[in-house]
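# Fold and contact review
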Amino acid sequence: MQKPGLSAFALLVLSACASTATTDQVRIANAIVFNLLPPASFGESVLLTQAATIEFGSGEADLVFYTAISPAGISIVGALPNGTRLFNISYDGQTIASDGPQELLSSITPEYFLADLQFSQWPLEQVESSLAAANPCFANGSCILSETTDHLQRNLTRDGLAVISIQYDAVPHYRNSTSYIHHERGYRLQVETLEVATLLQR
């Protein structure tokens, strides 16, 4: 049975557009911004094939992500399970480029997509540094980013309330399954890594 939302995604393929943006500061929650990290800070050069389920409001959609990460940049291709390409998002450390249906890009917001990827998959120390540099609330203790000692949970809270909750199946995170919940924006992303390939550097 086709899940609600899949047909809507397919219809959006009919009208595509391309855009670029130069901002690297992303508002990931109310009163919290995240400075996108240089692609090289990931510390690996990999191509990930991932199955994802996105839940938003009463809707749900299954997608496949093909994500390439290297010092040169990040490239994400989103497709339907049948292989129909929906969008592409890339970031070279300075510019965010995207192409796909305008309505779809507006709903996922490319800079939010990149921020979610880095927030969940980049090393904790890198994420902490970005947040602390951009948000005074981390210095005064009203905002807290934490990770459990087994590295299987990562949480962002503000004034004691959960903002983002992440659950990992195993480490390293990018090689396994990730459950990402954004409590303020009301969406959940379940991602399962199907394949990891090493990218050769020229």
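Everything below is about the structure shown above.
Each chain has its residues counted from 1, running along the sequence as written. Side-chain atom pairs in this predicted model are given and counted only at pLDDT of 80 or more, local residue features only at pLDDT of at least 70, and totals for whole chains, interfaces and linings cover all residues. Heavy atoms from the whole structure form the basis of all side-chain values; hydrogens and water molecules are not counted.

### Observations concerning the pairing of strand β13 (residues 187-198)
Looking along a regular strand, one sees the side chains alternate between the two faces of the sheet. Any two strands between which DSSP finds at least two bridges are classified as paired. A run of H or I in DSSP counts as a helix once it spans at least four residues, and a run of E counts as a strand once it spans at least two, with each numbered from the N terminus. Pairing between strand β4 (residues 46-56) and β13: 11 bridges, direction antiparallel. Bridging across to β13, Leu47 finds its partner in Ala197. Of the strand pairs in this sheet, strand β12 (residues 177-182) and β13 are connected by six bridges, and their pairing is antiparallel. Looking across to β13, one finds that Thr178 is bridged to Val191. Counted along the chain from β12 to the antiparallel partner β13, the turn is four residues long, and its residue Gly186 has a positive phi close to 75°.

### Focus on the side chain of His182
Here His182 is to be found in strand β12. Only heavy atoms matter for contacts: two residues are in contact if any of them lie within 4.5 Å across the pair. Contacts of His182, omitting those with residues within four sequence positions, involve Ile28, Ala29, Val163, Ile164 and Tyr187.

### Observations concerning the packing of aromatic side chains
Two aromatic rings, drawn from Phe, Tyr or Trp (for Trp, its six-membered ring), form a pair once their centres lie within 6.5 Å of each other, and the interplanar angle then sorts them: stacked below 30 degrees, edge-to-face above 60, tilted otherwise. Scanning the entire structure with this criterion turns up six aromatic pairs. On the numbers, 5.3 Å between centres and 85° between planes, the contact of Phe65 with Phe113 is edge-to-face. Placement of the pair is Phe65 in strand β5 (residues 59-70) and Phe113 in helix α3 (residues 110-121), with a sequence separation of 48 residues. Only protein chains enter the accessibility calculation, which uses a 1.4 Å probe; a residue is then buried when its area is under 20% of its type maximum, exposed when over 50%, and partly exposed in between. By relative accessible area, Phe65 is classed as buried at 3%. Among the residues examined, Phe113 registers a relative accessible area of 15% and is labelled buried. Measuring from ring centre to ring centre gives 5.6 Å for Phe87 and Phe113, while their planes differ by 70°; the resulting arrangement is edge-to-face. Residue Phe87 is located in strand β7 (residues 85-91), and its partner Phe113 is located in helix α3; the two are separated by 26 residues in the primary sequence. Linked through ring pairs, Phe42, Trp122 and Tyr174 together constitute an aromatic cluster. Think of it as a cone above the ring: NZ of Lys or CZ of Arg counts as a charge over the ring if it is within 6 Å of the ring centre and within 35 degrees of the ring normal. Stacked on the ring of Tyr112, the Lys or Arg Arg185 has its end atom at 4.0 Å from the ring centre.

### A closer look at unusual backbone geometry
Cis geometry marks the peptide bond from Val171 to Pro172, where omega comes out at -5°. By secondary structure assignment, the location of Pro172 is in the loop between β11 (161-168) and β12. Despite not being glycine, Thr109 has its phi angle at roughly 55°, a positive value. Exposure remark for Thr109: the relative accessible area of 15% places this residue in the buried category.

### Digging into the pattern of salt bridges
When a carboxyl oxygen of Asp or Glu is within 4 Å of a side-chain nitrogen of Lys or Arg, the pair counts as a salt bridge. Evaluated as defined, the whole model comprises four salt bridges. Where Glu184 meets Arg158, a salt bridge forms, and the shortest distance between an N and an O atom there is 2.3 Å. With Glu184 in the loop between β12 and β13 and Arg158 in strand β10 (residues 153-158), this residue pair connects regions lying 26 residues apart in the sequence.

### Notes on the nonpolar core
In terms of nonpolar packing, the biggest core is built from 49 residues, with Ile28, Phe87, Phe119, Leu131 and Leu156 touching the most fellow members. At five residues, the largest contribution of residues to this core is made by α3. The contacts of Ile28, once residues within four sequence positions are left out, are Val33, Phe34, Ala115, Phe119, Leu131, Leu156, Ile164, His182 and Arg185. Put simply, a nonpolar core is a bunch of buried Ala, Val, Leu, Ile, Met, Phe, Trp, Tyr and Cys residues held in one set by side-chain atoms that sit within 4.5 Å of each other.

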